[in-house]
Amino acid sequence: MSKRSLTVKVAKWSAHHPWLAIFGWILFIALCVAAGKMTGTNMTEPKDFWVGEAGRAESILTSGDLMPPSVEKILITSRDGAPNAPSASAAAEEISRRMKDLPVVEKVETPIRSADENAIMVAVTLKKEYRAKDHVHALQDQTEAVQAAYPDLYIDQTGDGSISQGNEKALGGGLKRAEMITLPITLIILFVVFGSLLVAGVPLVLALTSIVASMGLYGAASYVFPDAGGAVTNMVLMIGLAVGVDYSLFFVKRVREEHERAGGRISHAAAVEIAAATSGKAILVSGFAVLVSLVGLYVADDVIFSSIATGSILVVMVAMISSLTVLPALLVKLGRRVAGRSGIKFRGKTRSSASVPLLPIVLKPVMRRPLLTFLAATSAMVILSLPAFNIELKVEGKETFPRSIPAMATYDKLTRTFPAEGVSHWVAVQSNPAYSDKVVAALNGLAEQVRYDPLFAESGHLKIRTSEGGGVSLLELPIPYNASSKEATASLEKLRNELVPKAIGQIPGAEYAVSGETARSADTVDHLIRNLPLVAGFVLLLSFIVMLFAFRSVVIGFIGITLNVLSAASTLGALVIVFQYNWLESLGLSGGGFVSSRIPLILFVILFGLSMDYQVFVVSRIREEALSGLTTREAVFRGITGSATVVTSAAVLMISVFLSFMFVPYLELKEMGFGLAIAVLLDAVIVRILILPSVMTLLGYANWWPSSQIGKRMSAQTKAG
């Protein structure tokens, strides 16, 4: 049967035509890169992010060409803190003059002084046809020139364009640090596993080339699922390194085991074929399990999730292809270097490829008292998951961005001095143009009503803008709080549920909605929470079907998805403890008092896929042993100990990759890296060593129901004995 399988046929061809396979892979990478360069990347548009009431408000404003433009703000303060510094007014005038001459600038507002007379702000509006972060450097050059001319002043610039540009630089630097940490550590771990630097480099090179190829393909794919920005690159890098290295590791380790089992008496090509029939099949099944999980992200109906799913699916597919095609060719060409005994020398001895110290010692009592082990380990996971029921989800905003970004430090300084220049609610109204005056009067009344409300910022220059023709109106109401704060949420709810309906509701046919940073965050969270059950159900069902067809067992499928749900819940509990409750703040691990809104769904989907890797490889080894005629208890023991080195090594590699993202200075990526690292740790230790063997031991032959294949093999083995 194995000889007729696709994995064996492909591996056999690759092993017998190694140079063709290797050059074919190089050509494939080149074509993918060329395709990406030819097509470019199709970026998302603002309307792709519209969700809920905030989306309706922005749709109204767009129809009236009233979407607030990008504004850069220059803050001028005295270095000695003296109020009314004589040179400050002159600097403000020069800033205004210089900015007005720039082709990207729409207008420059009249400079305004702070209430304490210690600062001057100049607001510069960019033309809508220019993308702020791509052209903000022109404004920054002028700000720097004026700063050089007035050394007695602090002249700083902030705004969405400056902050976005600073974020990209900080993110790029963080990712470079993550790569500098991840790649050497991965190579060291692989060297420890294989005892050969050359062999260790093979999985790493294949993973990196898979990432390069998939990013090229992603450019073309973005015309179906538009690219939502840097999140995709981060996820492709993270997932690509994890699965790319793991799939190669699984295959190479199996080749070495077959050489050891045969005492070196089989050819390299024969060892590759055997590995293709066992580990190759497991790679195929686990890869499909990961792909099925990632497809669930499309169900969330979110442009960011769709782009992440597309990039991640591509890198997993390419990693699978590389492991089953070019990897066998490389292993045959490396020959004896691969066949050599695995592992580095320890105290003068070389460990066997299947040995993991202490695991048999730990596993024996687990299987002697499976019920006690199952109850204790499961209870620990359930207790860890309890904080997840109090999870507070919000969209990451300016309050969590790194303060090492100059524009963010200036933003903090600006909002302390001018509280009305921070977060705002946008009240959008669409009505019959005949009622335009009534709408404006109602919005003026609303602005007056909140003027002295502590939930809103006092501002003497509130403006109501009306579209040409009078059909659409906009009122911006600033608030002196962070977008994710409780006060910001309270002001939004007061506007939506009380003030705006009362002010606008009496105007015939008027349609109104509220948007802004806080509104977008609230509506995004609501949208994701509504779709979470649908995504979870989709992933659970398809993952169960994959396990059912892979192992011909309803019970194994049910065990797999149940343990993965337990791992996901425990991981979310750990995230809440660390990033919401800030229990590890003394160790430098802290968040904004919430969990980023997209993290639970992404973690659930990716964790489910990666956990299936371990389930498939471990259960595949257990099933192999059971098919040889062993009892379930013996098959579980030998299957887990036999796969221990490869699965443990894979877990360590994944954890090192994910933890490296803790060095990226962004809350969402920190939460993602920490969450996936904890998930893999729990899955590899608690689930694989304690819960899985105990539950399979308790179930015995029932594990394989309704398949009768294992029972027949056991009966035949008994008769033969």
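Please refer to the structure higher up on the page.
The model shown is predicted, which means the values in this text are computed figures rather than measured ones.

Peer 1: With reference to specific residues and values, describe the environment of Thr39.
Peer 2: By the secondary structure assignment, Thr39 is in helix α2 (residues 18–39). Taking the C-alpha atoms as reference points, Thr39 and Leu217, 178 residues apart in sequence, are found 9.4 Å from one another. When neighbours within four sequence positions are excluded, Thr39 is seen to be in contact with Gly219, Ala220 and Tyr223. Side-chain polar atoms of Thr39 contact the backbone nitrogen of Ala220, separated by 3.4 Å.

Peer 1: Which residues make up the packing of aromatic side chains, and what are the values?
Peer 2: One pass over the full model with this rule turns up eight aromatic pairs. Taking the ring centre of Tyr154 as reference, the NZ or CZ of Arg79 above it sits at 4.2 Å.

Peer 1: Provide a residue-level description of the side chain of Gln157, including the pertinent values.
Peer 2: Examined against the element boundaries, Gln157 turns out to sit in strand β5 (residues 153–159). At 2.6 Å, the side chain of Gln157 forms a polar contact with the side chain of Thr143. A polar contact is formed between the side chain of Gln157 and the side chain of Ser162, at a distance of 3.5 Å. Here Gln157 is in contact with Glu72, Lys73, Ile74, Met99, Val136, Leu139, Gln140, Thr143, Ser162, Ala407 and Thr410, once residues within four sequence places are set aside.

Peer 1: Account for the environment of Phe456, with residues named and values stated.
Peer 2: With respect to the helices and strands, the residue Phe456 is situated in the loop between α16 (436–449) and β10 (464–466). Along the chain, Phe456 and Pro665 lie 209 residues apart, while their C-alpha atoms are 31 Å from each other.

Peer 1: Go over the nonpolar core, please, and point to the residues and values.
Peer 2: Judged by nonpolar contacts, the single largest core of 193 residues is most densely connected at Val316, Val427, Leu446 and Phe658. The element best represented in this core is helix α20 (residues 599–627), accounting for 18 residues. Each residue touching Leu446, except ones within four places of it in the same chain, is listed here: Val427, Leu475, Leu477, Leu495, Leu499, Val500 and Ala503. Ranked by size, the runner-up nonpolar core spans 21 residues in total, among them Ile76, Ile95, Val104 and Val124.

Peer 1: Please set out the sheet that holds β10 residue by residue, giving values where relevant.
Peer 2: Taken in spatial order, the four strands of this open sheet run β10-β11-β9-β12, and their pairing is antiparallel. A single partner strand is all that each edge strand has here, and the edge strands are β10 and β12 (511–516). Shown here is a sheet whose adjacent strand axes are inclined to one another by a mean of 20 degrees, direction ignored. Sheet strands touched by helix α3 (residues 52–63): β9 (423–430), β11 (472–479) and β12. Its angle to β12, the strand with the most contacts, is close to 105 degrees. Relative to β11, α16 is tilted by about 5 degrees, and along the sheet it contacts β9, β10 and β11.

Peer 1: With reference to specific residues and values, describe the pattern of salt bridges.
Peer 2: Evaluation of the coordinates by the stated rule reveals 22 salt bridges. Close ionic contact of Glu421 with Lys73 constitutes a salt bridge, the shortest N to O distance being 2.9 Å. Of the two residues, Glu421 sits in the loop between α15 (406–417) and β9 while Lys73 sits in strand β1 (residues 71–78), which places them 348 residues apart along the sequence. For the pair shown, Glu421 and Lys73 are each scored as buried. Here Arg98 and Glu94 are joined by a salt bridge, their closest N and O atoms 3.0 Å apart. With Arg98 and Glu94 both in helix α4 (residues 86–100), this residue pair falls four residues apart, about one helical turn. What you see here is one network of salt bridges that share partners, running through Glu53, Arg496 and Asp523.

Peer 1: I'd love a proper account of a nonpolar patch on the surface, names of residues and values included.
Peer 2: Taken together, the side chains of Ile188, Phe191, Val192 and Leu197 define a hydrophobic patch exposed on the protein surface, amounting to about 370 Å² of accessible area. It is helix α6 (residues 160–194) that provides the largest number of residues to the nonpolar patch, a total of three residues. Among the secondary structure elements, Ile188 is positioned in helix α6.

Peer 1: Can you tell me about the environment of Lys281, naming the residues and giving the values?
Peer 2: Residue placement: Lys281 occurs in helix α9 (residues 268–299). When its relative accessible area of 44% is taken as the criterion, Lys281 is described as partly exposed. C-alpha of Lys281 to C-alpha of Ser620: the two residues are 339 residues apart in sequence and 9.2 Å apart in space. Residues contacting Lys281, with those up to four places away along its chain left out, are Thr7 and Ala276.

Peer 1: Provide a residue-level description of the packing of α2 against helix α7 (residues 197–221), including the pertinent values.
Peer 2: Contact geometry of α2 with α7 gives a least axis separation of 7 Å together with a crossing angle of 35 degrees. By crossing handedness, the relation of α2 to α7 is classed as left-handed. Only Leu206, Thr209, Ser210, Val212, Ala213, Gly216, Leu217, Gly219 and Ala220 of α7 make contact with α2, whose side of the interface consists of Trp25, Phe28, Ile29, Cys32, Val33, Ala35, Gly36 and Thr39. Of the residues belonging to the contact of α2 with α7, the class tally is eleven nonpolar, six polar and no charged.

Peer 1: Which residues make up empty space enclosed by the protein, and what values do they have?
Peer 2: Throughout the structure, instances matching the rule amount to eight cavities of 30 Å³ or more. Taken as a whole, the largest cavity spans an internal volume of roughly 100 Å³. Together, 14 residues line the largest cavity, and Arg254, Ser279, Phe617, Arg621 and Val646 are the ones closest to its centre. Counting only elements with at least two residues in the lining of the largest cavity, the list comes to α8 (230–261), α9, α20 and α22 (644–660). For the lining of the largest cavity, a count of residues per class yields five nonpolar, four polar and five charged.

Peer 1: Hey, could you go over unusual backbone geometry for me, with residue numbers and the actual values?
Peer 2: Trans peptide bonds make up the majority, and among non-glycine residues the majority have a negative phi. A cis amide bond links Trp705 to the next residue, Pro706, at an omega of 5 degrees. Considering the arrangement of structural elements, one finds Pro706 in the loop between α23 (667–699) and α24 (709–720). Within the chain, Arg552 stands out as a residue other than glycine whose phi angle is a positive 55 degrees. Secondary-structure assignment places Arg552 in the loop between α18 (517–551) and α19 (554–580).

Thresholds, definitions, all that
Within every chain, residues take consecutive numbers counted from 1 along the sequence as written. Since the coordinates come from a predicted model, pLDDT governs what is reported: local features require at least 70, and pairs of side-chain atoms require 80 or more to be given and counted, while whole-chain, interface and lining totals use all residues. As a convention, hydrogens and water are excluded, and side-chain values are obtained from all of the structure's heavy atoms. Put simply, DSSP H or I for four residues or longer makes a helix, DSSP E for two residues or longer makes a strand, and each gets a number counted from the N terminus. Here a residue-residue contact requires only that any non-hydrogen atoms of the pair lie within 4.5 Å. Pairs of N or O atoms within 3.5 Å make up the polar contacts considered here, provided that, within protein, one atom can donate a hydrogen while the other can accept it, and that residues adjacent in sequence are counted only when both atoms are side-chain atoms. Here the aromatic set is Phe, Tyr and Trp, taking the six-membered ring for Trp, and pairing holds for ring centres within 6.5 Å; pairs whose planes are under 30 degrees apart are stacked, those over 60 apart are edge-to-face, and all others are tilted. Charges are assigned to positions over rings by a cutoff of 6 Å between ring centre and Lys NZ or Arg CZ, combined with an angular limit of 35 degrees from the ring normal. Residues belong to a common nonpolar core when they are buried Ala, Val, Leu, Ile, Met, Phe, Trp, Tyr or Cys residues joined through side-chain atoms within 4.5 Å. To sort residues, take the accessible area from a 1.4 Å probe on protein chains only and compare it with the maximum for the residue type: under 20% means buried, over 50% means exposed, and anything in between is partly exposed. When DSSP locates at least two bridges between a pair of strands, those strands are taken to pair. As a rule, the C-alpha atoms of each element are fitted with a line to give its axis, helices using only the stretch in contact, and angles between N-to-C directions run from 0 to 180 degrees. Note on definitions: salt bridges are taken to be side-chain nitrogens of Lys or Arg within 4 Å of carboxyl oxygens of Asp or Glu. The residues that make up patches have over 30% relative accessible area and no salt bridge, and they are joined within 9 Å when like-charged or within 5 Å when they are Val, Leu, Ile, Met, Phe, Trp or Tyr. Using a 1.4 Å probe, the Shrake-Rupley method yields the accessible areas, and only the shown protein chains count as cover for residues. Throughout, a crossing is termed right-handed when the near helix is turned clockwise from the far one, and left-handed when it is turned anticlockwise from it by less than a right angle. Three classes are used, and their members are as follows: Ala, Val, Leu, Ile, Met, Phe, Trp, Tyr, Cys and Pro are nonpolar, Asp, Glu, Lys and Arg are charged, and the others, Gly among them, are polar. Using only the protein atoms, space was sampled on a 1 Å grid; points where a 1.4 Å probe fits but cannot get out form cavities, open sets with protein on both sides within 12 Å along at least five of seven lines form pockets, and lining residues are those with an atom within 4 Å of a point. Grid points are joined across faces, edges and corners, and a volume is the space filled by probe spheres set on the points.

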